[in-house]
There are 2 protein chains.
Amino acid sequence: MTAIRNILFVMCDQLRWDHMTCAGHPYLRTANMDALARRGVRFTQAYVQSGICGPSRMSAYTGRYVSSHGATHNRVPLSIGEVTLGWHLRESGRTLALAGKTHVIPDARGMRRLDLDGHNELAVLLREGWFEVVDRHDGHHSEPHNAYAAWLRARGYDSPDPWTDYVIAVDTPDGPRSGWKMRNVRHPARVREEHSETAYTTDQAIAFMDGQADNPWVLHLSYVKPHWPYVAPAPYHAMYGPEDCLPVRRHEAERGPDAHPVLREWLNEEVARSFQQDEAIATVRPAYQGLIQQLDDHLGRVWAAMERLGRWHDTLVVFTADHGDYLGDHWLGEKELFHDCVQRVPFLLYDPSPEADATRGTADDRFVEMIDVVPTILDALALDPSRHVVEGRSLLPLTRGIAPSWRDAVFSELDWTFRGARRRLGLPTGHHHAWMVRTARWKYIHWGGGLRPQLFDLASDPDEFFDRGADPSLEPVRVDMRARLLRWFEGLKRRTTITLEEAEFRTDAHKRAGVFYGEW
Amino acid sequence: MTAIRNILFVMCDQLRWDHMTCAGHPYLRTANMDALARRGVRFTQAYVQSGICGPSRMSAYTGRYVSSHGATHNRVPLSIGEVTLGWHLRESGRTLALAGKTHVIPDARGMRRLDLDGHNELAVLLREGWFEVVDRHDGHHSEPHNAYAAWLRARGYDSPDPWTDYVIAVDTPDGPRSGWKMRNVRHPARVREEHSETAYTTDQAIAFMDGQADNPWVLHLSYVKPHWPYVAPAPYHAMYGPEDCLPVRRHEAERGPDAHPVLREWLNEEVARSFQQDEAIATVRPAYQGLIQQLDDHLGRVWAAMERLGRWHDTLVVFTADHGDYLGDHWLGEKELFHDCVQRVPFLLYDPSPEADATRGTADDRFVEMIDVVPTILDALALDPSRHVVEGRSLLPLTRGIAPSWRDAVFSELDWTFRGARRRLGLPTGHHHAWMVRTARWKYIHWGGGLRPQLFDLASDPDEFFDRGADPSLEPVRVDMRARLLRWFEGLKRRTTITLEEAEFRTDAHKRAGVFYGEW
């Protein structure tokens, strides 16, 4: 057997679990995602640890729940005290390369405290969360000084900010318009397809793989799409029509008088009001699908490069996304809350080992969490699993048909302090968190601060329309869910500065350390 | 009014709450603790966050619960990512001086990761948890190379390890013996009283105060006594007899067939077996009281120095301990578990402000936690309270008679992974934690891993003899306690890398940051 030498960790941004052909989408043609699913295992029940980019990605990069790593929302830095995949790899002499988006924010206060805010190599690595940057492009705000902007200018996109003026702008019969306005995304991007973000990031990744020759590598290929702005280049902008999209899933009960108070406020966010219009759904969903189609086509280039370089036999491939997108479901837009269209993500795992041959092309319904990525990668490379700090589990026993006991619930969190909904409910800044416990049958959402919980019976209500969080007959279910949540809190790994081996060595070891208390 | 300019934070080690005259001890004569209680407020219900030195002190130095700071047991380093009082002070141009013990262990792995393991000033500070060391002496194992050892050698204690050979050794009619053997502590230390740890550390503190002249200062005066080895110098070793000690509090029910499985294993620890002998209690308790008497006498020297230097009008004084001591109560020795004799500590707070005049000499029965020390100090010095990271509350509203709503429970934790009891129960290394919720009436102890809880009704059973953790009639109490514990977990401050002001500034602020998602 050839050992696994390389890792390709592909992340999409805001890609719903149900937007792959292999996951049942009736119109999308994701031939290359499907090809990966045939090569490996498709995990049908994969969940993120938070339904928004920053905290979800920090869970992906640390293997830890949000309550453990503390980067609870976008632009909340990951503490300098947290350990990421990049460091785990460096401890073993490997590096973690990046092409694309990470959403890593430097812990400027922590770095200043430790005199680490200089301009040396270490400071650069710390600012990037221990990624070695092949190319970074976060793609959700103007980055006029990054490499992609310079690359575009070199290709004739004459602007101080070509991302704003070309990549997320569209050509209309009335002239250029901004793609920030969702009504405009029926029009094509002003950037040529081969110069779009997805094409550019794919180019960077392939060039990186080419450049490694036979040196082993770990690459995070991290697409910013199909995340908003939902601007697709031609021909993808017009590849799908509203009739090619999934039906919107929403119910009047969700905005009725019994709606949960937080949800009610969320329904008043600008993005929700926009997506409550049928025209917005009919405009955005086709563009969103076009972006996915484009991404799938470029994945095909990556797979071809893998083939050309002879990398399929010694490379583990993870394909997933940091969260989904409401797209008008549940009368909402964007993400953050706890419905499956946000929390559940695509998750394809290609394990090249012969031991995994028996599971190729299968679907596995066991629960996967985003925190499983780090331990899976460490396991594949036979590196120290760092069990004292990593909270996820390697998935290789699943691809290899070794069926251990497995989790029967997944957990996700939201720090909603930063949302206007919090202010409109009259709550002070503070710390406002919610937690989701999802089992095969139930989804329980625990809101702090005296707010009632939400509860969905997924057996009778798979669309999550009917919130039974106040139903007296279901109190036993809520009690059980709270007990699960309490056990989950208990199990978080808070002792992270020594290994389990060190803990074992120190057990009952005071006399060996020269301490002889208690002798009569 | 004169502003508070100085802080004297006095910590004793292993001093039980009930071993002060002002707390009702019928035999001890703690004139100087009592004098401080008359000058300030005696908090009668003060609790530590863990019943063992390391984690309790890290809570005292960070203002955070153990589950938040992660230094869960002795010799578990505080993560380089955690912020301590010393740093809070430095951010405001102040320093935190140390004379005595801290139990701080460098986060060597974290420092190595951040290239901070050199020999510069920063590395020294980090290894000390941001204390500026006037003198450090931890006093629970041999420290042959520290300043105290050199100081002793200069005074004629001719030994490579004078602590072992003189300070914790005793003179007996049969020659010198080690004070590690508790049977020997009826004899006097081989060190002269004025050269003992308590005298030495007091000297260091007074010299520090003298040296500051009128410069403001913050000093942690941290005594290693009355912690074991229970060796007192003459005349203190013989100042009390067994008849001058509190009666031992233990009951056959505690070691009966219904004893909690963890407690049952703890009863087999060597120290517990030693203290199950009446002779051990009759030998150790008098020595323990002698050490307290000595400590109180030296406190008198500190108070006199404060008087001589004119510091009583501008210095806030905190006097407390990191935990108590079983001393044979409950058939146990040492500490760690959750009985009040371990978890409850002395807590005296002298607030020099005129606003506190009305509370001088009073006892306050409201719940205090060790995490309140940091915010009290920051408040007294009018420094940023760092509410995004500090979990305790300033006590100055209590000394000043401003009665806000206050907590109705305290929380403590134990990581018992490191104890032989864990192995004897057949449990793997892992993470084994327990949590205590104590209200005015109930004490609930939550053991993870499927172990049943403990529950004591302090109204009918103030001595905590009768564990009702399995009593069916009290299930509603346990449900309430678990709900409190869950709320406590929810409220831990996990988002520590940005301030609350930054969080407020960023609320609903995506458009100001150049992000315009959701516009139709």
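Residues numbered from 1 in each chain as written. Chains lettered and ligands numbered in written order. Predicted model: local features only at pLDDT ≥ 70, side-chain atom pairs only at ≥ 80, totals over all residues. Heavy atoms only, no water.

When helices and strands are counted, chain A shows 18 helices and 15 strands. For chain A, whose C-alpha radius of gyration is 23 Å, the value lies close to the compact-globule estimate of 24 Å for 520 residues. Structurally, chain A occupies a C-alpha span of about 95 × 65 × 50 Å along its principal axes. For chain A, with 520 residues in total, the buried portion stands at 67%. (Helix = DSSP H or I, 4+ residues; strand = E, 2+ residues; numbered from the N terminus. Rg over C-alpha atoms; globule rule 2.2 N^0.38 Å. Buried < 20%, exposed > 50% of the residue type's maximum accessible area, 1.4 Å probe, protein only.)

With that out of the way, let us pick up the interface of chain B and chain A. By a widely used convention, the size of an interface equals the accessible area lost when the partners come together. Across the boundary between the two partners, chain B contributes 87 residues, which contact 87 residues of chain A. In total, chain B and chain A occlude about 8,100 Å² of area from one another, counting both sides; carbon and sulfur atoms represent 55% of this. At the junction of chain B and chain A, the tally comes to 14 salt bridges. Salt-bridge contacts for Arg-422 of chain A lead to Glu-504 of chain B; the nearest nitrogen and oxygen are separated by 3.1 Å. For the interface between chain B and chain A, the tally reads 50 residue pairs in polar contact (both at pLDDT 80 or more). Split by residue class, the side of chain B that touches chain A holds 29 nonpolar, 26 polar and 32 charged. (Contact = heavy atoms within 4.5 Å. Buried area = accessible area lost by both parts, 1.4 Å probe. Salt bridge = Lys/Arg side-chain N within 4 Å of Asp/Glu carboxyl O. Polar contact = N/O pair within 3.5 Å; in protein donor to acceptor, adjacent residues only side chain to side chain. Nonpolar A, V, L, I, M, F, W, Y, C, P; charged D, E, K, R; others polar.)

On to the layout of surface pockets. The computed volume of the largest pocket comes to approximately 1,600 Å³. For the largest pocket, the lining is made up of 48 residues, of which Arg-487, Trp-488, Glu-490, Gly-491 and Leu-492 of chain A are closest to its centre. At the level of elements, helix H17 (475-491) of chain A together with strand E13 (433-438), strand E14 (442-447) and helix H17 (475-491) of chain B are the ones that each hand at least two residues to the lining of the largest pocket. A total of 9 residues in the lining of the largest pocket trace back to one element, the largest contributor, which is H17 of chain A. Class assignment for the residues of the lining of the largest pocket results in 22 nonpolar, 14 polar and 12 charged. Here the second largest pocket is characterised by a volume of approximately 1,300 Å³. The wall of the second largest pocket is formed by 41 residues, among which Arg-487, Trp-488, Glu-490, Gly-491 and Leu-492 of chain B lie closest to the centre. Broken down by secondary-structure element, the contributors of at least two residues to the lining of the second largest pocket are strand E13 (433-438) and strand E14 (442-447) of chain A together with H17 of chain B. (1 Å grid on protein atoms, 1.4 Å probe; cavity = no way out; pocket = protein on both sides within 12 Å on 5 of 7 lines; lining within 4 Å. Points joined across faces, edges and corners; volume = space filled by probe spheres on them.)

This paragraph deals with empty space enclosed by the protein. Overall, the coordinates contain 15 cavities of 30 Å³ or more when judged by the stated rule. Of the pockets and cavities examined, the largest cavity occupies roughly 500 Å³. Lining the largest cavity are 29 residues, and of these Ser-67, Ser-68 and Glu-82 of chain A together with Ser-68 and Glu-82 of chain B sit closest to its centre. For the lining of the largest cavity, the elements supplying multiple residues, two or more each, are helix H3 (66-69) of chain A together with helix H3 (66-69) of chain B. Split by residue class, the lining of the largest cavity holds 5 nonpolar, 16 polar and 8 charged.

A word on the side chain of Ser-68 of chain B. Here Ser-68 of chain B shows up in helix H3. The contact partners of Ser-68 of chain B, leaving out residues within four places of it in the chain, are Glu-82, Glu-391, Leu-492 and Lys-493 of chain B.

Residues and elements named next belong to chain A. Taken together, 4 strands build an open sheet; the order of strands is E12-E13-E14-E15 and the sheet is antiparallel. Edge strands, defined here as strands with exactly one partner in the open sheet, are strand E12 (410-415) and strand E15 (454-457). When strand polarity is set aside, the average angle formed by the axes of neighbouring strands in this sheet is 10°. For E13 and E14, the ladder comprises 5 bridges, and the chain directions are antiparallel. Each bridged residue has a counterpart across the sheet, and for Trp-435 the counterpart in E14 is His-446. Across the face of the sheet, H17 comes into contact with E12, E13, E14 and E15 while running at roughly 70° to E14. (Pairing = 2+ DSSP bridges. Axes fitted to C-alpha atoms, helices over the stretch in contact; angles between N-to-C directions.)

Another point: the relation of the copies chain B and chain A. Once chain B is rotated about the relating axis by 180° and shifted along it by 0.0 Å, it coincides with chain A to within an RMSD of 0.0 Å. Such a turn and shift between the copies fits a two-fold axis. Closest to the rotation axis within chain B is the C-alpha of Gly-81 of chain B, separated from it by 1.9 Å. Both copies contact each other with a shared surface, as 100% of the interface residues of chain B are interface residues in chain A too. (Least-squares fit on C-alpha atoms with pLDDT ≥ 70 in both.)

Residue and element names in this part refer to chain B. With antiparallel pairing, the 4 strands of this open sheet are ordered in space as E12-E13-E14-E15. Among the strands making up the open sheet, the edge pair consists of strand E12 (410-415) and strand E15 (454-457). On average, adjacent strands in this sheet sit at an angle of 10° to one another, irrespective of strand direction. H17 contacts E12, E13, E14 and E15 of the sheet and is inclined by roughly 70° relative to E14.

All names here are of chain B. Counted residue by residue, strand E2 (residues 41-47) has 7 buried out of 7 residues, so it is predominantly covered. Bridge count for E2 against strand E10 (residues 347-350) is 2 bridges, and the pairing is antiparallel. If you follow Arg-42 over to E10, its bridge partner there is Leu-348. Both E2 and strand E11 (residues 362-369) contribute to a ladder of 6 bridges, which runs parallel. Bridging from a neighbouring strand, Arg-42 pairs with Ala-363 of E11. Of the pairings in the sheet, the one linking E2 to strand E9 (residues 344-345) comprises 2 bridges and is antiparallel in character. Pairing of Tyr-47 across the sheet is with Arg-344, part of E9.

Predicted confidence across chain A gives a mean pLDDT of 96, with 100% of residues reaching 70 or more. For this predicted complex, the interface confidence comes out at an ipTM of 0.96, alongside a pTM of 0.97. (pLDDT = per-residue confidence, 0-100.)

Residues and elements named next belong to chain B. Scanning the entire structure with this criterion turns up 0 disulfides over all chains. In this structure Cys-22 is not part of a disulfide, and its nearest cysteine sulfur, from Cys-12, lies 12 Å away. You can see Cys-53 has no disulfide; the closest cysteine sulfur is in Cys-12, sitting 12 Å from it. (Disulfide = S-S within 2.5 Å.)

Let us look at helix H9 (residues 197-212) of chain B. Residues and elements named next belong to chain B. Across its 16 residues, H9 extends 23 Å between first and last C-alpha, which sits within 8% of the 22 Å expected from 1.5 Å per residue. Where burial is concerned, most of H9 is hidden: 12 out of the 16 residues are buried. Within H9, the full set of buried residues consists of Glu-197, Thr-198, Ala-199, Tyr-200, Thr-201, Thr-202, Gln-204, Ala-205, Ile-206, Phe-208, Met-209 and Gln-212. Elements in contact with the buried residues of H9: strand E3 (97-100), strand E4 (132-136), helix H7 (147-154), helix H8 (162-167), strand E7 (218-226) and helix H12 (278-308). (Expected span 1.5 Å × (residues − 1).)

The subject of this paragraph is the packing of H9 of chain B against H12 of chain B. Residues and elements named next belong to chain B. With their axes 10 Å apart at the nearest point, H9 and H12 run at an angle of 10° to one another. Regarding the angle of H9 to H12, the classification is roughly parallel. Only Gln-294, Leu-295, His-298, Arg-301, Val-302, Ala-305, Met-306 and Arg-308 of H12 make contact with H9, whose side of the interface consists of Thr-198, Ala-199, Thr-202, Asp-203, Ile-206, Met-209 and Asp-210. Per-class residue counts for the contact of H9 with H12 are 7 nonpolar, 4 polar and 4 charged. (Parallel < 35°, antiparallel > 145°, perpendicular 65-115°, else oblique.)

A side chain with one charge can pair with a side chain of the opposite charge if their charged atoms come near. For the structure shown, the criterion picks out 106 salt bridges over all chains. A salt bridge links Asp-408 of chain B to Arg-484 of chain B; its shortest N-O distance comes to 3.0 Å. Taken together, the residues span a long stretch of sequence, with Asp-408 of chain B in the loop between helix H15 (396-399) and E12 and Arg-484 of chain B in helix H17 at a distance of 76 residues. Salt bridges linked by common partners bring Arg-16, Asp-18, Arg-249, Arg-285, Asp-329 and Asp-463 of chain A together as one network.

Okay, the packing of helix H7 (residues 147-154) of chain A against helix H9 (residues 197-212) of chain A next. For any two helices packed against each other, the geometry comes down to the angle between their axes and how far apart the axes lie. Residues and elements named next belong to chain A. Following both chains from N to C, one finds H7 and H9 inclined at 105°, their axes separated by 12 Å at the closest point. Here H7 lies roughly perpendicular to H9, going by the angle between them. Across the interface between the two elements, Ala-147, Tyr-148 and Trp-151 of H7 pack against Glu-197, Tyr-200 and Asp-203 of H9. Taken together, the residues that form the contact of H7 with H9 break down as 4 nonpolar, no polar and 2 charged.

Tallied over the entire structure, the rule returns 49 aromatic pairs over all chains. Seen in terms of ring centroids, Phe-411 of chain A and Trp-488 of chain A are 5.4 Å apart; in terms of plane orientation they differ by 15°. Their pairing is stacked. Here Phe-411 of chain A is found in strand E12, whereas its partner Trp-488 of chain A is found in helix H17, with 77 residues between them in sequence. Take Phe-411 of chain A and Trp-488 of chain A: they sit in the same class, and that class is buried. Relative to Phe-131 of chain B, the ring of Tyr-61 of chain B has its centre 4.9 Å away and its plane inclined at 80°; by these criteria the two rings are edge-to-face. With a gap of 70 residues between them, Tyr-61 of chain B in helix H2 (residues 53-62) and Phe-131 of chain B in the loop between helix H6 (121-127) and E4 connect regions that are remote in the sequence. (Phe/Tyr/Trp six-rings, centres within 6.5 Å; stacked < 30°, edge-to-face > 60°.)

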